[in-house]
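Residues per chain are reported as follows:
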Amino acid sequence: MAEITVREALNVALAEELERDSDVFLIGEEVGHYNGAYKVSQHLMERFGEDRVIDTPIAEAGFAGLAIGAAMAGLRPIVEFMTWNFSLVAIDQLINNAAKIHFMSGGQFKLPIVFRAPQGAGGSLAAQHSTVLEGVYAYTPGLFVVAPSTAGDMRGLLKTAVRLDNPVIFLEHEKIYAVKGTLDFPEDKDYLIPLGKAKLYEAENPAQLTILTWSLNFHLARIAVENLSKEGIYADILDLRTLKPVDSEAIFKAAQKTHRLLILQEGTPVASYGSWLSHHIQEIAFDELDAPVSLVSADDVPMPYTFSLEPKVLPNIDKVINAAKTLVG
């Protein structure tokens, strides 16, 4: 398998779905002539034309609403926000329309639409450009929430999302686009990954805990696990990949295997996805746990602009290692 970046994997998935189905189109700020704010849509406009790759004004509520109407009419829009922070301008469209129209119409309308963008701290982008919003959208009934971490998973899950008849929130990350990988990147153009299936990365030696994570923090977890192994502590990693639906069966098996679970998220701790996940684990696997579920999050503060402060607020290697050591006692 050739090595490929997350950016390239997403570009491949978009091109394959645009080629496969003429009802698919991409719409958003700078997706066309500029090749995407993060160059994910590079060369797609010249290949598929301005009717299929559509540049918009900076008007998130407007083009999100347009895309929802197009989905109701039978097309399959992929909406790119420049960042998930800017989706807040269109939050009424996402939460009150995209998530609820199928239900409120008694099933008369389908909503085959994908909303995708990067989220999280990208390195001195300041508080208004660094928010993690997975908890907001996972909270909303009617939305699927996907947060892949590797190139192969980005491709397989985005293709699945495009083919669903339901609205999907597809979370990328500011810092993940240049990450390279060969994991699970087959040549098959119909390579799909079902939603709600986590992926387990097992330690070489019997694991004493399992780290549950997703998106960029999967890569942080891998570094932490490598460092922990040098001290004789071994950990599996369960990459959730999909936050809603979540793979409860895989989580239960992880608890059954290692009896200690550590959740690693970039979100702040209060009322976060990780906080709910901790509750869910204790609902489904309480009798399998030998210790309380541990949660490593960002600090509960707006993200500082200063480059030297951002890593101190975010989850980092030291925080993960200290939490793991405390957990295994």
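Residues numbered from 1 in each chain as written. Predicted model: local features only at pLDDT ≥ 70, side-chain atom pairs only at ≥ 80, totals over all residues. Heavy atoms only, no water.

**Regarding the sheet that holds strand S14 (residues 294-296)**
- Spatially, 5 strands are ordered S9-S11-S10-S13-S14 in an open sheet, and the strand pairing comes out mixed. What marks the edges here is a single partner per strand, and that holds for strand S9 (199-201) and S14. Geometrically, the sheet is characterised by an average inter-axis angle of 25 degrees between neighbouring strands, direction not taken into account.
- Pairing of strand S10 (residues 209-213) with strand S11 (residues 235-239) involves 5 bridges; the strand directions are parallel. Paired with Ile-211 across the bridge in S11 is Ile-237.
- Strands in contact with helix H8 (residues 217-229) are S9, S10, S11 and strand S13 (261-264); relative to S11, the strand with the most contacts, it is inclined by about 175 degrees. (Pairing = 2+ DSSP bridges. Helix = DSSP H or I, 4+ residues; strand = E, 2+ residues; numbered from the N terminus. Axes fitted to C-alpha atoms, helices over the stretch in contact; angles between N-to-C directions. Contact = heavy atoms within 4.5 Å.)

**What to know about the sheet that holds strand S5 (residues 114-119)**
- Spatially, 7 strands are ordered S3-S2-S4-S5-S7-S6-S12 in an open sheet, and the strand pairing comes out mixed. Two strands close off the open sheet at either side, each with one partner strand: strand S3 (53-55) and strand S12 (242-244). Across the sheet, the mean angle from the axis of one strand to that of its neighbour is 20 degrees, orientation sign disregarded.
- Of the pairings in the sheet, the one linking strand S2 (residues 24-28) to strand S4 (residues 76-80) comprises 5 bridges and is parallel in character. By the bridge assignment for S4, Val-24 is matched with Arg-76.
- Taken strand by strand, helix H7 (residues 151-163) contacts S2, S4, S5, strand S6 (144-146), strand S7 (168-173) and S12, and its axis lies near 155 degrees from that of S7.

**A closer look at the nonpolar core**
- With 48 residues, the main nonpolar core has Phe-81, Trp-84, Phe-115, Leu-240 and Leu-277 as its most contacted residues.
- Non-local contacts of Phe-81, meaning those with residues more than four positions away in its chain, are made with Glu-29, Glu-60, Phe-63, Ala-64, Ser-87, Ala-90, Leu-94, Phe-115, Arg-116, Ala-117 and Pro-118.
- Grouped together as the second largest cluster of nonpolar side chains are 30 residues, Leu-44, Val-146, Met-154 and Ile-193 included. (Core = buried A, V, L, I, M, F, W, Y, C linked by side-chain atoms within 4.5 Å. Buried < 20%, exposed > 50% of the residue type's maximum accessible area, 1.4 Å probe, protein only.)

**A word on the packing of aromatic side chains**
- The tally for this structure, following the rule as stated, stands at 8 aromatic pairs.
- A network of ring pairs unites the aromatic residues Phe-63, Phe-81, Trp-84, Phe-115 and Tyr-137 as a single cluster.
- The ring of Tyr-34 carries Lys-39 above its face, with NZ or CZ at 3.5 Å from the centroid. (Phe/Tyr/Trp six-rings, centres within 6.5 Å; stacked < 30°, edge-to-face > 60°. Lys NZ or Arg CZ within 6 Å of the ring centre and 35° of its normal.)

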